[in-house]
Amino acid sequence: MDSSNWPETSLLDPALPQAGVMMRKVATGFVPIIAVDRTSSVPLHRQIYDTYRTAILTQKLATGQKVPSSRSLAAELGVSRIPVLSAYAQLLEEGYFESKAGGGTFVSRSLPEKLPFSGHDGQVKKLSSGRRAVSRRSESLPSFMPVPWLYGRGAFSVGQVAVEHFPFQIWSRLVSRYYRGVRASPLHFSGPMGSKDFRNTIAKYLRTVRAVNCDPDQIMVVNGSQQALDITARVLVDAGDSVWLEDPGYRLGRQAFMLAGCELVPVPVDEEGLDVSAGLAAARNARAAYVTPSHQFPMGSTMSPSRRRQLLEWAQSEGAWIIEDDYDGEYRYQNLPPASLQGEDRYARVIYIGTFSKTLYPSLRMGYLVMPSDLVDRFVAVRLAMDVYPSDLFQAVLSDFIQEGHYSRHLRRTRLLYRERREILVKALREHFGSALEIRGEESGLHLVATLPRGFDDQQVAKLAAQRNVWAWPLSPCYLGTTSQQGLVIGFGRTTPEEIEPAVRRLKRVLDELSRYRGTMS
Ligand SMILES: Cc1ncc(COP(=O)(O)O)c(C=O)c1O
């Protein structure tokens, strides 16, 4: 897959007037590797010239990129300025470089986009056809598919939040305050669990708001729940171990266990959450279960008390682990959120995972996991081997943000905002579709599911809807097992009240057209 096909999600989005951040192209003056050989019969200026020319032709240097001044390159190479000046003069004359008055020297912008060489040092290497050997674990993952619905930024896109309501002014004040008063200590190596101050703050929050049983020493700060899942899988399961997965479920969650080489066991979900009896029948001896009990992804059910008990008892009797992903437990519109499963666990069998991706914004990449105390040593060992520890800045800023009350204020505001969006959406869906679409899971979270009438293909619907700037996901790819329901996962986190009704009308048009087409086919 060509990496250039990856969409860029950026907070520097023109749709974010409050962000107050300017996009600026940064021209760097990086030095390509120049092996100066004083014993060579090739003069120094020629060696420098050749290195730059090859680096440009092989696109190791990009057009428009700044090159170091002759003075700093000479200092870097430990040579006099004369050969550098002479090489630069030739590169300028031949059009490889261009200079701007007072602005430095750059790789010429007028070079043709496709240069005659590619590959190492200008040599075109013929690669064997087909893919070369890579690890079996990486092969087990599906290829990235640039399907439209995953990357639409418009109405009904899933997993997105109302970033335009994020208090960027307060946030940037806290960021600058941190850097104004920064001390040396957090800038050096810190601990693999994350900053103690931040973990204290998270522990207080989780105990109060999510009834999680924890002290700060059980909390590890991670770069979002995806990393928490990756670390947890590495600590708890071996290749070949069976893991229960909700079906339908969260695809990226599933992929963390695929990467760990696990045997994936789809376990159906219903309005009480994971069907534990079905799990027992399929693989009683599984090593772990990955669940979203507060708000099942994507169907939206809350795991019932009896299922919770059954699941905890299974884990205790079989020595299995439960991985609880509480990704949006904060957003509940009709009644109070249920306590976390971890809070009901008397056997220390639950690993609890939380994220700020929904409550703040996803590119913050900030989350946490809460582990049983006796596992801390293994989690730390694995974390050190992976990425050592999290970056300091946003831990400090977020800690202040929470302690100064901005976080709870933001949660209250966004809860009202999302509640309003959800109500408008449900009303519009009922008005335009009547009972043709069944709505599920609208009591909480930032999305709901609308199941489609028999005969519709949800991927076809989603593709056509995307062409009309409606970015709902098809439901069927969330299934792992053989049965799947056709439906749409409709996000409302980043869909403004004004956008909702017109988008529902566009969606209706898609379904009407498909119905007519099916009518002509039958
Ligand atoms: C079930 C589930 N877990 C976790 C997340 C958030 O993941 P992360 O914290 O890696 O951004 C999402 C986001 O859509 C989700 O749907």
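Residues numbered from 1 in each chain as written. Predicted model: local features only at pLDDT ≥ 70, side-chain atom pairs only at ≥ 80, totals over all residues. Heavy atoms only, no water.

**Q** Give me the lowdown on the packing of aromatic side chains, citing residues and values where you can.
**A** The geometry of an aromatic ring pair is captured by two quantities: the separation of the ring centres and the angle between the planes. Applying the stated criterion across every chain, the model contains 22 aromatic pairs. Both rings, one in Trp-244 and one in Trp-314, keep their centres 4.0 Å apart while their planes meet at 15°; by these two values the pair is stacked. Taken together, the positions of Trp-244 in strand β5 (residues 242–247) and Trp-314 in helix α11 (residues 305–318) put the pair 70 residues apart, joining distant regions of the chain. Here Phe-356 and Tyr-407 contribute two aromatic rings whose centre-to-centre distance is 5.6 Å and whose plane-to-plane angle is 70°, an arrangement assigned as edge-to-face. Separated by 51 residues along the polypeptide, Phe-356 in the loop between β10 (350–355) and β11 (367–370) and Tyr-407 in helix α14 (residues 406–433) bring together distant segments of the chain. Accessibility classification places Phe-356 together with Tyr-407 in one group, the buried group. (Phe/Tyr/Trp six-rings, centres within 6.5 Å; stacked < 30°, edge-to-face > 60°. Helix = DSSP H or I, 4+ residues; strand = E, 2+ residues; numbered from the N terminus. Buried < 20%, exposed > 50% of the residue type's maximum accessible area, 1.4 Å probe, protein only.)

**Q** Lay out the side chain of His-295 with the relevant residues and their values.
**A** With respect to the helices and strands, the residue His-295 is situated in the loop between β8 (288–291) and α11. In this structure His-295 comes out as buried when scored by relative accessible area, which is 2%. At a separation of 3.0 Å, a polar atom in the side chain of His-295 contacts the side chain of Asp-328. With near-sequence residues (within four places) excluded, His-295 lies in contact with Gly-300, Ser-301, Tyr-327, Asp-328, Gly-441, Ser-444, Gly-445 and His-447. (Polar contact = N/O pair within 3.5 Å; in protein donor to acceptor, adjacent residues only side chain to side chain. Contact = heavy atoms within 4.5 Å.)

**Q** I'd like a description of the sheet that holds β10, backed by residues and values.
**A** Read from one edge to the other, the open sheet built from eight strands follows the order β4-β11-β10-β9-β8-β5-β6-β7, with strand pairing classed as mixed. Each having just a single partner strand, β4 (219–222) and β7 (273–274) make up the two edges of the open sheet. Bridging between strand β6 (residues 263–270) and β7 involves two bridges; their strand directions are antiparallel. Note on β7: the bridge partner recorded for Val-269 is Leu-274. Set on the sheet, helix α7 (residues 196–209) makes contact with β4, β10 and β11; between it and β4 the angle comes to about 110°. Its contacts with the sheet place helix α8 (residues 225–236) against β4, β8, β9 (321–325), β10 and β11, and it is angled at close to 160° to β10. (Pairing = 2+ DSSP bridges. Axes fitted to C-alpha atoms, helices over the stretch in contact; angles between N-to-C directions.)

**Q** Explain a nonpolar patch on the surface to me, and be specific about the residues and the numbers.
**A** A contiguous nonpolar surface patch, about 310 Å² in accessible area, is contributed by Phe-189, Leu-384 and Val-388. With respect to the helices and strands, the residue Leu-384 is situated in helix α12 (residues 376–386). Relative accessible area serves as the criterion here: at 42%, Leu-384 is assigned to the partly exposed category. (Patch = residues over 30% accessible without salt bridge, like charges linked within 9 Å, V, L, I, M, F, W, Y side chains within 5 Å. Areas by Shrake-Rupley, 256 points an atom, 1.4 Å probe, with all protein chains shown as cover. Salt bridge = Lys/Arg side-chain N within 4 Å of Asp/Glu carboxyl O.)

**Q** Pulling in residues and values, what's your account of the site of the ligand?
**A** The ligand sits among Gly-224, Ser-225, Gln-226, Tyr-250, Phe-297, Asp-325, Tyr-327, Thr-355, Ser-357, Lys-358 and Arg-365. Within the side chain of Asp-325, one N or O atom sits 2.6 Å away from a nitrogen atom of the ligand. Between the ligand and Ser-357, the relevant distance is 2.6 Å, taken from an oxygen atom to a side-chain nitrogen or oxygen of the residue. For the ligand, the accessible surface in isolation is 400 Å², of which the surrounding protein chains cover 91%. Among the residues forming the shell around the ligand, the class breakdown is three nonpolar, five polar and three charged. (Near = heavy atom within 4 Å. Nonpolar A, V, L, I, M, F, W, Y, C, P; charged D, E, K, R; others polar.)

**Q** Tell me what's going on with the nonpolar core, and back it up with residues and numbers.
**A** Grouped together as the largest cluster of nonpolar side chains are 65 residues, with contacts concentrated most on Phe-156, Phe-356, Leu-398 and Ile-490. If you tally residues by element for this core, the top one is α14, at nine residues. Three or more residues apiece are contributed to this core by two domains, here domain 2 (148–158 + 409–521) and domain 3 (186–404). Once residues within four sequence positions are removed from consideration, Phe-356 is found in contact with Phe-198, Tyr-361, Leu-364, Met-366, Gly-367, Tyr-368, Leu-398, Ile-402 and Tyr-407. (Core = buried A, V, L, I, M, F, W, Y, C linked by side-chain atoms within 4.5 Å. Domains from an automatic or database assignment.)

**Q** Please give an account of the pattern of salt bridges that cites residues and values.
**A** Under the criterion given, the structure shown has 22 salt bridges. One salt bridge connects Asp-230 with Arg-234, and the closest N-O pair in it is separated by 3.1 Å. With Asp-230 and Arg-234 both in helix α8 and four residues apart, this pair spans about one turn of that helix. Arg-307 is paired through a salt bridge with Glu-272; the nearest N and O atoms lie 4.0 Å apart. You can see Arg-307 sitting in helix α11 and its partner Glu-272 sitting in the loop between β6 and β7, a full 35 residues away along the chain. On the basis of relative accessible area, Arg-307 is assigned to the buried category, the value being 10%. Connected through salt bridges with shared partners, the residues Arg-177, Asp-400 and Glu-404 form a single ionic network.

**Q** I'd like a description of the pairing of β4, backed by residues and values.
**A** Here β4 shows two buried faces, one formed by Ile-219 and Val-221 and the other by Met-220 and Val-222. Where β4 meets β11, four bridges bridge the pair, whose relative direction is antiparallel. Counted as the bridge partner of Val-222 is Gly-367 from β11.

**Q** Account for the environment of Glu-318, naming residues and giving values.
**A** Residue placement: Glu-318 occurs in helix α11. Each C-alpha atom, one on Glu-318 and one on Ala-288, is 9.7 Å from the other, the two residues being 30 residues apart in sequence. Beyond its immediate stretch of four places on either side in the chain, Glu-318 contacts Arg-284 and Asn-285.

**Q** Any details on the pairing of β5? Residues and values, ideally.
**A** Taking burial as the measure, the six residues of β5 include six buried ones, the bulk of the element. Because side chains alternate across β5, one face comprises the buried residues Ser-242, Trp-244 and Glu-246, and the other comprises Val-243, Leu-245 and Asp-247, equally buried. As paired elements, β5 and β6 share six bridges and run parallel to each other. Bridged to Ser-242 within β6 is Glu-263. Taken together, β5, helix α9 (residues 251–259) and β6 constitute a β-α-β crossover, and its handedness is right-handed. Bridge analysis of β5 against β8 gives three bridges, and the strand direction is parallel. Bridge pairing in β8 places Leu-245 opposite Tyr-290. (Right-handed = clockwise from strand over helix to strand, strands pointing away.)

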